[in-house]
Amino acid sequence: MYCVILAGGKGTRFWPASRKLRPKQLLNIVGSEAMLQMTVNRLKKLNSVEDIYIVTGKDLAPAIRREIRGIDPENVLTEPSGKNTAPGIGLAALHIRKRKQDAIMGVFPSDHLIVGHKKFEKSISVAKHLANKNGSLITIGIQPTFPATGFGYIQFDPKSSEDHLNAFKVKTFAEKPHLKLATRFLESKDFLWNGGIFVWKVSSFFQELGQHMAELSEQLEKIDSLMERKKSIDSIWRQIIPESIDFGLMEKSNNIFVVQAEFSWNDLGSWDAVYEVSPKSKENNVVRGEGIVVDGKNNFIQSDKHFTAVLGIDDIVVINTKDATLVVPRDRVEEIKGLVNILEKQKRQDLL
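We now turn to the structure provided with this report. Given the structure is predicted, the values throughout are model-derived calculations rather than measurements.

## Regarding the overall build of the protein
From N to C terminus, the protein includes 11 helices and 15 strands. Relative to a compact globule of 352 residues, whose C-alpha radius of gyration would be 20 Å, the protein shows 21 Å and is just as compact. The principal-axis extent of the C-alpha atoms belonging to the protein is close to 60 × 50 × 35 Å. A buried classification covers 53% of the 352 residues belonging to the protein. Within the protein, counting contacts between residues at least 6 apart in sequence, those at least 24 apart form 67% of the total. Of the roughly 16,800 Å² of accessible surface on the protein, a fraction of 50% belongs to carbon and sulfur atoms. Positive and negative side-chain charges of the protein, numbering 49 and 43 respectively, have mean locations separated by a distance of 2 Å.

## Details of the nonpolar core
Judged by nonpolar contacts, the single largest core of 47 residues is most densely connected at Leu36, Ile54, Ile64 and Phe120. The element contributing the most residues to this core is helix H4 (residues 117-134), with 6 residues. Among all residues touching isoleucine 54, those that are not within four sequence positions of it are Ile5, Ala7, Leu36, Val40, Ile64, Ile68, Ile71, Asn75, Val76 and Leu77. Among the nonpolar cores identified, the runner-up in size contains 43 residues, and Val170, Phe198, Ile223 and Val258 belong to it.

## Here's the deal with a nonpolar patch on the surface
There is a patch of nonpolar side chains on the surface, built from Ile292, Val294, Phe307 and Leu311 and spanning about 390 Å² of accessible area. Take isoleucine 292: it is sitting in strand S12 (residues 286-294).

## Here we look at unusual backbone geometry
For the bond running from tryptophan 15 to proline 16, omega is 5°, close enough to zero to count as cis. By the secondary structure assignment, proline 16 is in the loop between strand S1 (2-6) and helix H1 (35-44). Positive phi, normally seen in glycine, also occurs at lysine 230, with a value near 60°. Examined against the element boundaries, lysine 230 turns out to sit in the loop between helix H7 (214-228) and helix H8 (234-239). Residue asparagine 284 is not a glycine yet carries a positive backbone phi of 65°. For asparagine 284, the location among the structural elements is in the loop between helix H10 (271-277) and S12.

## Focus: the packing of aromatic side chains
If you walk through the whole model with that rule in mind, you get 15 aromatic pairs. Ring plane angle 55° and centroid distance 5.0 Å describe the contact between tyrosine 153 and phenylalanine 185, whose orientation is recorded as tilted. Here the residue tyrosine 153 occupies a position in strand S7 (residues 153-156), and phenylalanine 185 occupies one in helix H5 (residues 179-188), the gap between them amounting to 32 residues. Residue tyrosine 153 is classed as buried on the basis of its relative accessible area, which comes to 1%. Assessed through its relative accessible area of 9%, phenylalanine 185 is described here as buried. Ring centres 4.8 Å apart and planes at 35° place the aromatic pair phenylalanine 156 and phenylalanine 168 in the tilted group. Here phenylalanine 156, found in strand S7, pairs with phenylalanine 168, found in strand S8 (residues 167-174); they are 12 residues apart in sequence, far enough to count as distant. This pair shows no difference in class: phenylalanine 156 is buried, exactly as phenylalanine 168 is. Of the aromatic side chains, those joined through ring pairs into one cluster are Phe146, Phe151, Trp193 and Trp265. Positioned above the aromatic ring of phenylalanine 206, the side-chain terminus of arginine 97 is 4.4 Å from the ring centre. When the ring centre of tyrosine 275 is taken as origin, the NZ or CZ atom of lysine 280, which lies over that ring, is 4.7 Å away.

## A short note on the environment of glutamate 243
Locating glutamate 243 in the fold gives a position in the loop between H8 and helix H9 (245-250). C-alpha separation for the pair glutamate 243 and proline 329, spaced 86 residues apart in sequence, amounts to 32 Å. Ignoring sequence-local partners within four residues, the contact set of glutamate 243 consists of Lys83, Asn84, Thr85, Ala86, Pro87, Met213 and Gly248.

## Re the side chain of asparagine 285
One can find asparagine 285 in the loop between H10 and S12. A polar contact is formed between the side chain of asparagine 285 and the backbone nitrogen of asparagine 299, at a distance of 3.0 Å. The contact partners of asparagine 285, leaving out residues within four places of it in the chain, are Pro279, Lys280, Val293, Gly296, Lys297, Asn298 and Asn299.

The rules behind these values
- Residues numbered from 1 in each chain as written.
- Predicted model: local features only at pLDDT ≥ 70, side-chain atom pairs only at ≥ 80, totals over all residues.
- Heavy atoms only, no water.
- Helix = DSSP H or I, 4+ residues; strand = E, 2+ residues; numbered from the N terminus.
- Rg over C-alpha atoms; globule rule 2.2 N^0.38 Å.
- Buried < 20%, exposed > 50% of the residue type's maximum accessible area, 1.4 Å probe, protein only.
- Contact = heavy atoms within 4.5 Å.
- Areas by Shrake-Rupley, 256 points an atom, 1.4 Å probe, with all protein chains shown as cover.
- Lys, Arg positive; Asp, Glu negative; His and termini not counted.
- Charge placed at Lys NZ, Arg CZ, Asp CG, Glu CD.
- Core = buried A, V, L, I, M, F, W, Y, C linked by side-chain atoms within 4.5 Å.
- Patch = residues over 30% accessible without salt bridge, like charges linked within 9 Å, V, L, I, M, F, W, Y side chains within 5 Å.
- Salt bridge = Lys/Arg side-chain N within 4 Å of Asp/Glu carboxyl O.
- Phe/Tyr/Trp six-rings, centres within 6.5 Å; stacked < 30°, edge-to-face > 60°.
- Lys NZ or Arg CZ within 6 Å of the ring centre and 35° of its normal.
- Polar contact = N/O pair within 3.5 Å; in protein donor to acceptor, adjacent residues only side chain to side chain.

So this is what it looks like as structure tokens:
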């Protein structure tokens, strides 16, 4: 199997620690290594992996080549510009197809936390089996533990178990729901969280792409021809309409199976998600770096090389960096992305 890691995200919800030239995937959000390095290490432990590619943007490629161990620098594929996930996955698929026409391809986010390697390897093995057996597009679904409103969902047919492998035919994909709908999803027991992990044969991927994303399929074939002749792909790439793989392909194909994962998973999509997975004090505070909380509970403080004291406040996030301080209620951390948009409008490049 050839693995593709998508590492082009901006990580704006992790401002002020995450910046354009050093976004979330290059930070030690949990543990002692960058999230991207943890993902590479996880995939390299899979017995069936032949090679690993990383798809990213021009700005991040030099840092990734310089800092991430275990990856051939030529396998860091650079997109001319960000076009969401479908074009980036297609670009990687072209490179893999050149090496092996009937290759199995796995697609992985760069910045998710996965605990339980044997169970992770089992899920990938089941996905590979199904992809080989019937040419399906396979996604990995996560068993919901609470009515999350920040994740997409996958509805499956419980009666369609494939080879008794904890894999099921997908009925539909659902976007991030409101709380009442998320609660209904959880109670129905036939919805899984969308973990953003995909496995398929490269040939099956291009076949489905031609059927459901014909314009992108044609553009990728033109790009393939240009790469073959060592010419710039920029002119064709500029014409590509940004589209996610979920909306563009997975939600339209009727040949999708989901493998129900047994490993522990967190997409670490916000500072509050990091709080949830971090060791806590008796008062449920998390203090990373230099700081103290007095008469307060359920707080997350990250303060590197700068002492931060919090007195008499509950349920807040405080992030201190050398040039910026963020203070936000834990239940409003999703709004940090909007704050970054304001800084962009104010042309505060020094803070981006």
